[in-house]
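Below are the chains, spelled out letter by letter.
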Number of protein chains: 2
Amino acid sequence: MTHSAELVLESTLSFNYHFGKVMEELNKQLDFIIELDRLKGVYRQALVKSDKNRFENSAEHSWHISLTAQILHEYAVENVNISRVMSMLLIHDIVEIDAGDMFAFADIKDHKEQADKEIAAANRIFGLLPEEQYLHFKQLWLEFESAKTIDARFAKAMDRVLPLLQNMRNDGGSWARHNIAKSQVIERNKYLEGLAPQLWLYVCKQIDIAVDKGWLRNE
Amino acid sequence: MTHSAELVLESTLSFNYHFGKVMEELNKQLDFIIELDRLKGVYRQALVKSDKNRFENSAEHSWHISLTAQILHEYAVENVNISRVMSMLLIHDIVEIDAGDMFAFADIKDHKEQADKEIAAANRIFGLLPEEQYLHFKQLWLEFESAKTIDARFAKAMDRVLPLLQNMRNDGGSWARHNIAKSQVIERNKYLEGLAPQLWLYVCKQIDIAVDKGWLRNE
């Protein structure tokens with residue numbers, strides 16, 4: 001083989017190797033993207049009033065709270081990185097593909113069991129991605145779950161305030177159906193206290209109205 | 001009235017005025033957020049394979065492409081602002097609340113009529129928001145629609161590539177049901193050409209496979 005033929009062969013092999021690596025990564029990413037489709041079949045207790053009061057699925061819920069965060073983030077008194085918050089909210093429920101959705105007001109022992117299932121789900125589902133993205137998204141999900149950083153606390157607050165808004169416009173919605181108490185809703189929405197005082201004040205007023213209307217037990 | 005009593009009164013009035021303005025803005029924002037719920041009742045031609053092949057709604061679709069953009073944006077050869085792209089994709093279909101979804105491969109004259117309906121919808125729906133946010137989101141939506149900037153072109157590409165991925169994993173999905181031609185799918189996905197050559201190459205290969213399988217007409 002001549003020297004120039006060798007060079008051509010070498011550069012072709014190098015191109016093929018590089019191209020093969022790219023396609024391998026891309027295929028992993030596409031597997032993950034297709035897997036996401038399954039979140040559209042995970043149903044929550046929340047009701048979609050504008051679609052015949054059917055149950056809401058976790059994919060459309062994730063869309064809704066990501067936009068809610070965008071609209072409301074200026075109420076936060078600390079600096080929220082809205083891009084990170086949106087990413088967190090878009091991925092926060094993906095683990096439900098394996099673990100299912102658990103009602104917000106379920107028993108504490110069920111919460112513990114659910115947490116274990118969700119960790120396994122995060123490993124499997126984010127694990128479909130190439131290493132770097134796997135680590136990125138798993139870390140982001142863990143940050144959301146721990147709810148220690150400002151971004152994660154604001155994201156949690158959005159995840160929790162939206163069902164309140166939905167229930168208030170739907171005769172108590174899932175609260176009324178499950179006989180939920182005022183104190184439970186206050187507890188769930190406490191991320192707003194301090195972080196977004198105006199929203200917190202609004203939420204407290206809404207909870208009082210819900211009690212007056214008989215949608216929440218006064219406990 | 002003493003001077004100090006006057007000061008207290010003045011500061012109370014100022015607080016009430018300010019608080020009233022904040023609550024007025026917040027109420028507008030919450031009206032918008034609640035209005036978004038209706039996008040969950042707008043159904044597209046795409047099928048959700050993992051949920052008994054029911055039709056997909058535009059809210060869950062918006063969630064899915066926002067995440068798809070996050071996973072794939074590194075394939076763009078020009079610099080994509082992924083935060084703007086995500087925002088665009090989260091809002092791009094909101095106009096369908098009033099205008100309805102139109103199938104991607106509908107007649108050209110239907111597209112013109114749809115465009116008029118969507119402009120009116122953008123004015124009404126984004127118009128629920130306070131002025132500054134109204135202008136921000138309407139501008140972002142117009143940028144997406146015009147598909148001139150890098151961010152908008154990448155966002156459009158994501159909106160169009162996902163149905164291809166879904167159809168390829170679902171025996172041709174909406175293509176097969178509507179007897180779509182190869183040239184139509186190529187035309188719709190052209191935003192990728194030049195902008196993300198590796199994705200474009202992948203898409204072209206998939207289209208050829210779809211023709212071989214009989215899911216797309218070879219025209």
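Residues numbered from 1 in each chain as written. Chains lettered and ligands numbered in written order. Predicted model: local features only at pLDDT ≥ 70, side-chain atom pairs only at ≥ 80, totals over all residues. Heavy atoms only, no water.

## So, the overall build of chain A
Piece 1. When its secondary structure is counted, chain A shows 10 helices and 2 strands.
Piece 2. Since a compact globule built from 219 residues should have a radius of gyration of about 17 Å, the 22 Å found for chain A marks it as more spread out than a globular shape.
Piece 3. Along the three orthogonal principal directions, the C-alpha set of chain A runs to about 90 × 35 × 35 Å.
Piece 4. Counting all 219 residues of chain A, 53% fall into the buried class.
Piece 5. Partitioning the intrachain contacts of chain A with sequence separation of at least 6 by distance along the chain shows that 66% fall at a separation of at least 24.
Piece 6. Treating the 26 positive side-chain charges of chain A as one cloud and the 33 negative ones as another, the clouds have centres 7 Å apart. (Helix = DSSP H or I, 4+ residues; strand = E, 2+ residues; numbered from the N terminus. Rg over C-alpha atoms; globule rule 2.2 N^0.38 Å. Buried < 20%, exposed > 50% of the residue type's maximum accessible area, 1.4 Å probe, protein only. Contact = heavy atoms within 4.5 Å. Lys, Arg positive; Asp, Glu negative; His and termini not counted. Charge placed at Lys NZ, Arg CZ, Asp CG, Glu CD.)

## A short note on the interface of chain B and chain A
Piece 1. Facing 56 residues of chain B, the contacting portion of chain A comprises 56 residues.
Piece 2. At the boundary of chain B with chain A, total buried surface from both sides reaches about 5,000 Å², with 66% on carbon and sulfur atoms.
Piece 3. By the criterion of area lost to chain A, the three top residues of chain B are K40(B), W63(B) and I71(B), representing 15% of everything that side buries.
Piece 4. Along the contact surface separating chain B from chain A lie 4 salt bridges.
Piece 5. Linking chain B with chain A are 34 residue pairs in polar contact (both at pLDDT 80 or more), by the criterion used here. (Buried area = accessible area lost by both parts, 1.4 Å probe. Salt bridge = Lys/Arg side-chain N within 4 Å of Asp/Glu carboxyl O. Polar contact = N/O pair within 3.5 Å; in protein donor to acceptor, adjacent residues only side chain to side chain.)

## Remarks on helix α10 (residues 197-213) of chain A
Piece 1. The first and last C-alpha atoms of α10(A) sit 24 Å apart over 17 residues, in line with the 24 Å expected at 1.5 Å per residue.
Piece 2. Residues of α10(A) that are buried include every one of L199(A), W200(A), Y202(A), V203(A), Q206(A), I207(A), A210(A) and V211(A), and no others.
Piece 3. Turning to α10(A), the residues buried within the fold contact α2 (58-72), α7 (150-168), α8 (173-178) and α9 (182-188) of chain A together with α1 (3-36) of chain B.
Piece 4. Just downstream of α10(A), G214(A) is the residue with a positive phi angle, here 85°. (Expected span 1.5 Å × (residues − 1).)

## Quick look at unusual backbone geometry
Residues and elements named next belong to chain A.
Piece 1. The phi dihedral of K52 is positive, around 60°, even though this residue is not glycine.
Piece 2. Within the element layout of this structure, K52 appears in the loop between β1 (43-48) and β2 (54-57).
Piece 3. K52 gets classed as exposed once you look at its relative accessible area, which sits at 79%.
Piece 4. Residue N53 is not a glycine yet carries a positive backbone phi of 55°.

## As for the packing of helix α1 (residues 3-36) of chain A against helix α10 (residues 197-213) of chain B
Piece 1. For the pair α1(A) and α10(B), the least separation of the axes is 11 Å and the interaxial angle reads 75°. Considered as vectors, α1(A) and α10(B) are oriented roughly perpendicular to each other. From α1(A), F19(A), V22(A), M23(A), L26(A), N27(A) and L30(A) reach across to α10(B), where they touch Q198(B), L199(B), L201(B), Y202(B) and K205(B). (Axes fitted to C-alpha atoms, helices over the stretch in contact; angles between N-to-C directions. Parallel < 35°, antiparallel > 145°, perpendicular 65-115°, else oblique.)

## Thoughts on the confidence of the model for chain A
Piece 1. Chain-level statistics for chain A give a pLDDT mean of 93 and a share of 100% at 70 or above.
Piece 2. Scored by ipTM, the complex comes to 0.91, with pTM at 0.91. (pLDDT = per-residue confidence, 0-100.)

## Overview of the relation of the copies chain B and chain A
Piece 1. Rotating chain B by 180° and translating it 0.0 Å along the rotation axis places it on chain A, where the RMSD comes to 0.0 Å. On the angle and the small slide along the axis, the relation comes out as a two-fold axis.
Piece 2. When the interface residues of chain B are mapped onto chain A, 100% of them are again interface residues, pointing to one common binding face. (Least-squares fit on C-alpha atoms with pLDDT ≥ 70 in both.)

## With respect to the pattern of salt bridges
Piece 1. Considering all chains together, one arrives at 30 salt bridges over all chains under this definition.
Piece 2. Residue D37(A) pairs with K40(A) through a salt bridge whose shortest N-O separation is 2.6 Å. A single burial state applies to D37(A) and to K40(A), both of which are buried.
Piece 3. Its salt-bridge partner being R169(A), residue D31(B) comes within 3.1 Å of it at the nearest N-O pair. Here D31(B), found in helix α1, pairs with R169(A), found in the loop between α7 and α8, and the two come from separate chains.
Piece 4. By relative accessible area, R169(A) is classed as partly exposed at 35%.
Piece 5. Ionic contacts of the salt-bridge type, sharing partners, join the residues E35(A), R38(A), D98(A) and R124(A) into one network.

## Brief notes about the packing of helix α3 (residues 82-91) of chain A against helix α3 (residues 82-91) of chain B
Piece 1. With their axes 10 Å apart at the nearest point, α3(A) and α3(B) run at an angle of 50° to one another. One element, α3(A), and the other, α3(B), form an angle in the oblique class. Here α3(A) and α3(B) pass one another in a crossing that is left-handed. Together, S83(A), M86(A), S87(A) and L90(A) of α3(A) and S83(B), M86(B), S87(B) and L90(B) of α3(B) make up the contact between the two elements.
Piece 2. Split by residue class, the contact of α3(A) with α3(B) holds 4 nonpolar, 4 polar and no charged. (Left-handed = near helix turned anticlockwise from the far one by under 90°. Nonpolar A, V, L, I, M, F, W, Y, C, P; charged D, E, K, R; others polar.)

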